[in-house]
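Geometric and topological summary
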Amino acid sequence: MWLHQYNDPDGQPEIIARDDDTAFGFPHSRIHDLRPRRMGSAAQDRPRYTPSTSFETFPFPVGLTPGIPAAKYADDPRAQAIAAAAARLNARREAWLNPPDPVRRVPEVVPGCPDRRLPDDEAAAKILKTRTLTNLYGSRPAWLDNAHKALDQAVADTHGWGDDWARGMGEDDILARLFRLNQDRAATPG
């Protein structure tokens with residue numbers, strides 16, 4: 001289970017909850033992330049992820065939309081490719097955020113919740129305080145770039161852009177294609 005949290009226009013937290021890696025993959029792809037960065041509203045000095053400009057209007061590929069239960073597309077090779085890339089990205093990030101050496105796992109008291117990860121000692125606590133997603137993405141190690149590239153390629157493939165993506169698509173081209181997809185869907189009845 002993963003949760004993606006954003007704030008609605010009234011400042012209230014909104015959460016997208018899904019239990020599949022395919023749904024996790026889309027908002028973590030460059031293709032999806034580009035829209036709120038270029039077209040969304042701003043919160044102070046950073047883009048704001050809002051449902052109307054970021055999630056609800058994203059042209060998910062036919063058959064892989066958020067309204068479809070994951071079990072219905074589990075056998076779709078497109079979904080499987082995104083799920084594999086997203087799971088790898090998430091596993092690599094988790095391993096960096098919570099390295100096994102200075103951490104011990106303590107079972108959570110609430111059934112169904114993941115184990116708690118606690119530092120072994122003060123030195124480990126200091127190390128773990130620096131292990132944040134902000135610091136990880138600020139340093140952008142090669143393994144993180146490679147994991148994102150694999151996810152981006154899988155998402156591009158679902159839109160039929162695989163070869164163009166592999167040759168390198170610019171942000172303006174990506175946004176134009178997403179816009180055309182939205183126009184095509186708006187013109188299609190049903």
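1. Here's the deal with the overall build of the protein chain
- The helix and strand tally for the protein chain stands at 10 helices and six strands.
- Taking all 190 residues of the protein chain together, the buried fraction comes to 36%.
- Of the contacts made within the protein chain by residues no fewer than 6 positions apart, 55% connect residues no fewer than 24 positions apart.
- In the structure as shown, the protein chain presents an accessible area of about 11300 Å², 52% of it carried by carbon and sulfur atoms.

2. Section: the pattern of salt bridges
- This structure, assessed with the given rule, holds seven salt bridges.
- Arginine 167 is the partner of aspartate 164 in a salt bridge, and the nearest nitrogen-oxygen pair spans 2.5 Å. A residue pair is termed a helical-turn pair when its members lie 3 or 4 positions apart in one helix, as aspartate 164 and arginine 167 do in helix α9 (residues 162-167) at three residues.
- The exposure class of aspartate 164 is partly exposed, given its relative accessible area of 27%.

3. Structural notes on helix α6 (residues 122-130)
- Among the residues of α6, those classed as buried are Ala124, Ala125 and Leu128. Along the long axis of α6, the arc covered by the buried residues comes to 100°, so they all point the same way. Those residues of α6 that are exposed and aimed more than 90 degrees away from the buried face are Glu122, Lys126 and Lys129.
- Here the buried face of α6 lies against α5 (77-97), β5 (103-106) and β6 (116-119).
- Its side-chain oxygen 3.2 Å from the backbone nitrogen of alanine 123, aspartate 121 forms the N-cap of α6.

4. Considerations on the side chain of aspartate 20
- Here aspartate 20 shows up in the loop between β2 (13-18) and α1 (21-25).
- Residue classification places aspartate 20 among the buried residues on the basis of a relative accessible area of 9%.
- Only 2.9 Å separates the side chain of aspartate 20 from the backbone nitrogen of alanine 23, close enough to count as a polar contact.

5. Re a negative patch on the surface
- Negative charge collects at one region of the surface, where Asp101, Asp120, Asp121 and Glu122 lie side by side.
- Structurally, aspartate 101 can be placed in the loop between α5 and β5.

6. Focus: the nonpolar core
- Core analysis: the biggest nonpolar cluster contains 32 residues, and Phe26, Ile31, Leu151, Trp161, Ile174 and Leu178 have the highest contact counts within it.
- Residue assignment for this core shows that the elements contributing at least two residues are α1, α2 (30-39), α4 (70-73), α5, α8 (142-158) and α10 (171-187).
- The element best represented in this core is α8, accounting for seven residues.
- Excluding residues that lie within four positions of it along the chain, phenylalanine 26 makes contacts with His32, Phe58, Phe60, Pro61, Leu64, Ile82, Val155 and Thr158.

7. Describing the side chain of threonine 22
- Turning to its location among the elements, threonine 22 is positioned in helix α1.
- Only 2.9 Å separates the side chain of threonine 22 from the backbone oxygen of alanine 79, close enough to count as a polar contact.
- Those residues in contact with threonine 22, other than ones at most four positions away along the chain, are Tyr73, Ala79, Ile82 and Ala83.

8. A short note on the packing of aromatic side chains
- Within the structure shown, the criterion is met by three aromatic pairs.
- For the ring pair phenylalanine 26 and phenylalanine 60, a centre distance of 5.1 Å and an interplane angle of 75° mean the geometry is edge-to-face. One end of the pair, phenylalanine 26, is in the loop between α1 and α2; the other, phenylalanine 60, is in the loop between α3 (51-55) and α4, and 34 residues separate them in sequence. There is no split in this pair, since phenylalanine 26 and phenylalanine 60 are both buried.
- Following the ring pairs from residue to residue traces out a cluster consisting of Phe26, Phe58 and Phe60.
- Positioned above the aromatic ring of tryptophan 96 is the side chain of arginine 131, whose terminal nitrogen or guanidinium carbon lies 4.6 Å from the ring centre.

9. What about the confidence of the model for the protein chain?
- Across the protein chain, the average pLDDT comes to 84, with 85% of residues at or above 70.
- Within the protein chain, no element has a lower average pLDDT than strand β1 (residues 2-7), which sits at 46, and none a higher one than α8, at 96.
- pLDDT under 50 marks residues 1-9. Its contacts with residues more than four places away, or in other chains, come to 36 contacts.

Reading guide: rules and limits
- Residues numbered from 1 in each chain as written.
- Predicted model: local features only at pLDDT ≥ 70, side-chain atom pairs only at ≥ 80, totals over all residues.
- Heavy atoms only, no water.
- Helix = DSSP H or I, 4+ residues; strand = E, 2+ residues; numbered from the N terminus.
- Buried < 20%, exposed > 50% of the residue type's maximum accessible area, 1.4 Å probe, protein only.
- Contact = heavy atoms within 4.5 Å.
- Areas by Shrake-Rupley, 256 points an atom, 1.4 Å probe, with all protein chains shown as cover.
- Salt bridge = Lys/Arg side-chain N within 4 Å of Asp/Glu carboxyl O.
- Arc of directions from axis to C-beta.
- Polar contact = N/O pair within 3.5 Å; in protein donor to acceptor, adjacent residues only side chain to side chain.
- Patch = residues over 30% accessible without salt bridge, like charges linked within 9 Å, V, L, I, M, F, W, Y side chains within 5 Å.
- Lys, Arg positive; Asp, Glu negative; His and termini not counted.
- Charge placed at Lys NZ, Arg CZ, Asp CG, Glu CD.
- Core = buried A, V, L, I, M, F, W, Y, C linked by side-chain atoms within 4.5 Å.
- Phe/Tyr/Trp six-rings, centres within 6.5 Å; stacked < 30°, edge-to-face > 60°.
- Lys NZ or Arg CZ within 6 Å of the ring centre and 35° of its normal.
- pLDDT = per-residue confidence, 0-100.

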